[in-house]
Every structure is written in structure tokens, then in C-alpha cells.
Amino acid sequence: MTLQQEIVGNAMQMAVVNLSPGQTVYCEAGKFLFKTVNVTMETRLGGPSGSSGGGSGGQPQGGPSGGGMGGMLRQAMGTAMQVGQRALAGESLAFQYFTAQGGEGTVGFAGVLPGEMRALELDGTRAWFAEKDAFVAAESTVDFGIAFQGGRTGMKGGEGFVLEKFTGRGTVIIAGAGNFIDLDPADFGGRIEVDTGCVVAFEEGIRYGVQRVGGLNRQGVMNAVFGGEGLSLATLEGSGRVILQSLTIESLANALRKAQGGDKQGPTGGLFSTNAG
């Protein structure tokens, strides 16, 4: 069943979702805005399919994945693994589930930063990966997981060492900061390089990495110190859809700090920034 949704607004968009009777949508805690009275709300620690966070499926929430105590134990362990992964990723520990009862219902969701939202349609053949905090809401047929990118890539990248991963079939709604642009690296010779904070989401099949800005020479030092990008850029290679955002969380935080008279970045920015965030 296709999720009927409409993204409205400009500078701070929201998603208005129309649920059919019995249809369920879930969101990350803190992304809910409003609902009609016939839509029930339930907070759970487990994901919609009780999977271990990798999008590999699992048993439906609400019933053990087997009989007796063994099934209950397996379900509890699966839920604990999901919660542990989300805690390591700095994500919300719980999801909120909304189900229409006795007729059609409406629920509203939004992100946490001024910017755009996008509805992605998963057909079961390709997963989607997104930056932390990009997830807003999804159908119960979509699995939410955590993808660990590895220490070397993550420690250098502005998005941390984990990404959100969405698998299954159905609609997932994501949000970012500023305006979005859709690109395919295949249209630009197979590879693009972007600010590490500009990556919102990309399809499975795109290779994500982080590289040093320039070499250990005069120009490389100039880029790092005065260019405002630090030492690294994100690289996206292959063929597939990539979504970038025009505003990074770091640049927004710096602008707010400067407006309050507490700019810690100094005239050079980049490498010598004292911004801990």
C-alpha cells in the first residue's frame, strides 16, 4: 500500500501523511507534529520489523519470532541490539508508531532544521543511506538500520562514522538543511567531491569515502587553513542518485554563534577553528 503524503512549506517544510484504515507509519522521536484523533500513537524501542538494524528483515513487532521463551528472548536480544546501535550512532533510542483506526487519518511530521524534505520510494532492490538525523518518518514496511562505515572514513568525515540505512519496500521521508540538489556521479565522470557536511542521502551502489584536501604542500595547507573546509572532502563514486544540501550544520552553528558575539572560529576558519561541534 503506497503511503499517501504531501510535503508542504518552503523554508521549513513538513510532511502531511494520509493513512488508510489500519495503515501504520513510524517516526523518530521528536519529529511528530500533529495527528487526527482516530490515529493511535505508540512509542517502542524496536524497529518495525524487529530486525537487527541491518535491514535484513525479521519478525513483525508485536509477536515473538518463534514459540515460547526462546522466541521472546530472541526478540528481546534483537531489540537490544537495535537500541545499542542507535545509541552508538547518537540517534533517538525509540520510535513513535501511528496507526489509523476506524477510518482514514492524518499525521504531520517535520525535521529539526530549516530546510527541505524528500520522500524516497524503496522497491526492495536498492537500499538508501542517509546522514545522521536525516530520518523523519517511514511506512512500517521500511526497515531502519545503522550502517557503520569504518573508523578511517568516519573519523575524517563530518558525518561521523555511521549512516542511517533504509531497506525494504515503501516510502521513507528524510529532511536536511537548506535546499536540496539531486546529482548522479555518472554524469560528472563517475566521481564528485563535496563538503563532508553536504551529503544528505545516496542510493546503494554509490561508493562513499573521505579524502584529504590537496597534498602536504603549500597549497594543501592554504586549502585547509583558509578554505574553511578543514583537511577532508567527501567522495561519491559510481552510478546512482545522490542528494546534497546547501546548508551544513556546522556553518549554521557558526553563523548563529557569530550573530551572538561568540564566534570561536577566528579569521582563518578551517584547520584552526576551535568549534567543538
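Residues numbered from 1 in each chain as written. Predicted model: local features only at pLDDT ≥ 70, side-chain atom pairs only at ≥ 80, totals over all residues. Heavy atoms only, no water.

J.: What am I meant to see in the nonpolar core here?
T.: In a soluble, globular protein the nonpolar side chains are often hidden away together inside. One finds Tyr-26, Phe-135, Phe-166, Val-172 and Ile-174 to be the most contacted residues of the largest nonpolar core, which totals 21 residues. Residues contacting Val-172, with those up to four places away along its chain left out, are Arg-118, Ala-119, Leu-120, Leu-122, Phe-135, Ala-137, Ala-138, Val-142 and Phe-166. (Core = buried A, V, L, I, M, F, W, Y, C linked by side-chain atoms within 4.5 Å. Buried < 20%, exposed > 50% of the residue type's maximum accessible area, 1.4 Å probe, protein only. Contact = heavy atoms within 4.5 Å.)

J.: Would you explain the sheet that holds strand 14 (residues 191-194) in this entry?
T.: Hydrogen bonding along the main chain pairs the strands of a sheet, whether they run parallel or antiparallel. Overall, antiparallel pairing links the three strands, which are arranged 14-17-16 in an open sheet. Each edge of the open sheet is held by one strand with a lone partner, namely strand 14 and strand 16 (207-212). Sheet twist, expressed as the mean angle between neighbouring strand axes with direction ignored, is 30°. (Pairing = 2+ DSSP bridges. Helix = DSSP H or I, 4+ residues; strand = E, 2+ residues; numbered from the N terminus. Axes fitted to C-alpha atoms, helices over the stretch in contact; angles between N-to-C directions.)

J.: Whenever I open this one, the sheet that holds strand 4 (residues 32-35) confuses me. Can you help?
T.: Strand order in this open sheet of four strands is 1-2-7-4, and the pairing throughout is antiparallel. The sheet terminates laterally at strand 1 (4-8) and strand 4, the two strands that pair on one side only. This sheet shows a mean twist of 20° between the axes of neighbouring strands, independent of strand direction. Bridge count for strand 4 against strand 7 (residues 105-110) is three bridges, and the pairing is antiparallel. Its bridge partner being in strand 7, Lys-35 is matched across the sheet by Val-107.

J.: Sorry, what's going on with the pattern of salt bridges here?
T.: Two side chains with opposite charge may pair up if their charged atoms get near one another. A full pass over the atoms with the stated rule returns eight salt bridges. Residue Arg-44 is joined to Glu-42 by a salt bridge in which the shortest nitrogen-to-oxygen separation is 3.2 Å. The closest approach of N and O atoms between Arg-126 and Glu-203, which form a salt bridge, is 3.1 Å. In this pair, Arg-126 sits in the loop between strand 8 (117-123) and strand 9 (128-130) while Glu-203 sits in strand 15 (residues 199-203), placing the two residues 77 residues apart along the sequence. Taking the relative accessible area as the measure of exposure, Arg-126 reaches 34% and is therefore partly exposed. Judged by its relative accessible area of 17%, Glu-203 is buried. The network of salt bridges with common partners includes Glu-116, Arg-118, Asp-182 and Arg-241. (Salt bridge = Lys/Arg side-chain N within 4 Å of Asp/Glu carboxyl O.)

J.: What's the story with the packing of aromatic side chains in this structure? I'm lost.
T.: Tallying each qualifying case throughout the model produces 12 aromatic pairs. For the pair Phe-95 and Phe-135, a centre-to-centre distance of 6.2 Å together with 90° between the ring planes defines the contact as edge-to-face. Of this pair, Phe-95 sits in strand 6 (residues 95-100) while Phe-135 sits in strand 10 (residues 135-139); the two residues are 40 residues apart in sequence, bridging distant segments of the chain. Judged by relative accessible area, which is 1%, Phe-95 ranks as buried. Ring geometry for Phe-144 against Phe-166: centres 5.7 Å apart, planes inclined by 65°, an arrangement best described as edge-to-face. Highlighted residues: Phe-144 in strand 11 (residues 142-148) and Phe-166 in strand 12 (residues 162-175), separated in sequence by 22 residues. (Phe/Tyr/Trp six-rings, centres within 6.5 Å; stacked < 30°, edge-to-face > 60°.)

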